[in-house]
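For reference, the chains in residue letters:
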Amino acid sequence: MTIMQMECFVEAARCGSFTKAGENLYISQQTMSRHIRALETELGFPLFERKNTGAVLTRAGECLFQNWGELLRLYRTSIDQAKDLYYGQQKKLRIGILDNFGIYIDELVESLMRFERRYRDLEMEYEVLSMKQLLHGLETDRLQMIIVYTAELEKVSGIYCRRLDNTAASTGIYCALSHPLVKKKNHTWEDLYGQTIGILSDEASLDNKERTLEFLKKNGLENRVQLQEYSSRQNLGVALLTGKCVTISYSSMFESLAGKLACYPLAKEEGNPEVSIAWRDEKYATKAQNISRMFENVNHRPK
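So, a few notes on the structure that sits alongside this text. As a convention, each chain's residues are numbered from 1 in the sequence order in which they are written. Side-chain atom pairs in this predicted model are given and counted only at pLDDT of 80 or more, local residue features only at pLDDT of at least 70, and totals for whole chains, interfaces and linings cover all residues. Hydrogen atoms and water are omitted, and side-chain values are computed over all heavy atoms in the structure.

Some thoughts on the pairing of strand β8 (residues 196-200)
Here comes step 1: Most of β8 is tucked away, with four of its five residues classed as buried.
Here comes step 2: One bridge is not enough; two strands pair if DSSP finds at least two bridges between them. Helix and strand assignments come from DSSP, with helices taken as H or I runs of at least 4 residues and strands as E runs of at least 2, each series counted from the N terminus. Here β8 pairs with strand β9 (residues 226-230) via five bridges, running parallel. Its bridge partner being in β9, G198 is matched across the sheet by Q228.
Here comes step 3: When the strands point away from the viewer, a crossover counts as right-handed if the route from the first strand across the helix to the second turns clockwise. Where the polypeptide runs from β8 across helix α7 (residues 208-218) and back to β9, its parallel neighbour, the crossover connection is right-handed. Summary of the burial criterion: residues with accessible area below 20% of their type's maximum are buried, those above 50% are exposed, and those between are partly exposed, where the area comes from a 1.4 Å probe applied to protein chains only.

Focus: the sheet that holds strand β11 (residues 261-265)
Strand pairs in the sheet, formed through backbone hydrogen bonds, run parallel or antiparallel to each other.
Here comes step 1: Strand order across the open sheet formed by three strands is β10-β7-β11, with antiparallel pairing between neighbours. Sheet topology places β10 (247-250) and β11 at the edges, where each strand pairs with a single neighbour. Across the sheet, the mean angle separating the axes of adjacent strands is 40° when strand polarity is ignored.
Here comes step 2: Pairs of residues are marked as contacts when any of their non-hydrogen atoms sit within 4.5 Å. Note on geometry: axes are C-alpha line fits, over the in-contact stretch for helices, and angles between N-to-C directions span 0 to 180 degrees. Sitting on the sheet, α7 touches β7 (171-176) and β10, and the angle it makes with β10 is about 120°.

Some points on helix α3 (residues 29-43)
Here comes step 1: Helix length check: α3 (15 residues) gives 21 Å between terminal C-alpha atoms against 21 Å at 1.5 Å per residue, within 8%.
Here comes step 2: Buried within α3 we find T31, M32, S33, I36, L39 and E40.
Here comes step 3: In the stretch just after α3, G44 is the one whose phi turns positive, near 90°. Helices are assigned an expected span. That span is 1.5 Å times one less than the residue count.

The structure is reproduced here in structure tokens:
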């Protein structure tokens, strides 16, 4: 039995799919299957039931999964801590958080504080910054990790990221309570004809403008609205409150304005946000994995 076989088993159990688990561990589905079969042969019993919809743990597999995840965490963490001691690395960990999270930042910090209480040897620092500032912080090593919407990272190369699973945000159309849209009982995309749509500039978000344009194009509105850029979530919020525009946004951005803005949720297929922790230097991989456990995360991939 090898560490790699255990890693393959735990990842496959978390994903419910050999293919997805292979992607997360950067190996082929065939290699993943070979490791699992070798492990089952050594143990003498099956760990999964193979189905068309994926891989389902057997009762024996569930028993191992409950314990091996923690064993692997301890294994990776002990090596990480030993490396810190040997190489004399600083115990300070600086994490940047995207300012567009709105009130959701409170939930993120709560999870980070759970990590900090568990690993008391680390000195943690946090900064809430724009997307441009976060990427600059990673590039200059002023920040070791950043937490952003996953979509913000799609065009960023040379980083690793791991999705965090406790996001509760959705996507919707937002406007002031005094906006004419509020008077309508039923809403369609045609209601946005001629409207000014507020979007975030590239300095504030690498994704907001493009995602909004995709929504508009998909619904035949790209040439029927006016776009107005804002340099921050706060500026966009003021424009919404004063009726200067409407916007298409993640709900987490404007939870602090609950009761002051009208929201018309979009269908789930219109896009729900994912949040990821990202890092550039591979030596922070174990720390990032341990942080992600505070969010009950199961996915990891390099970009």
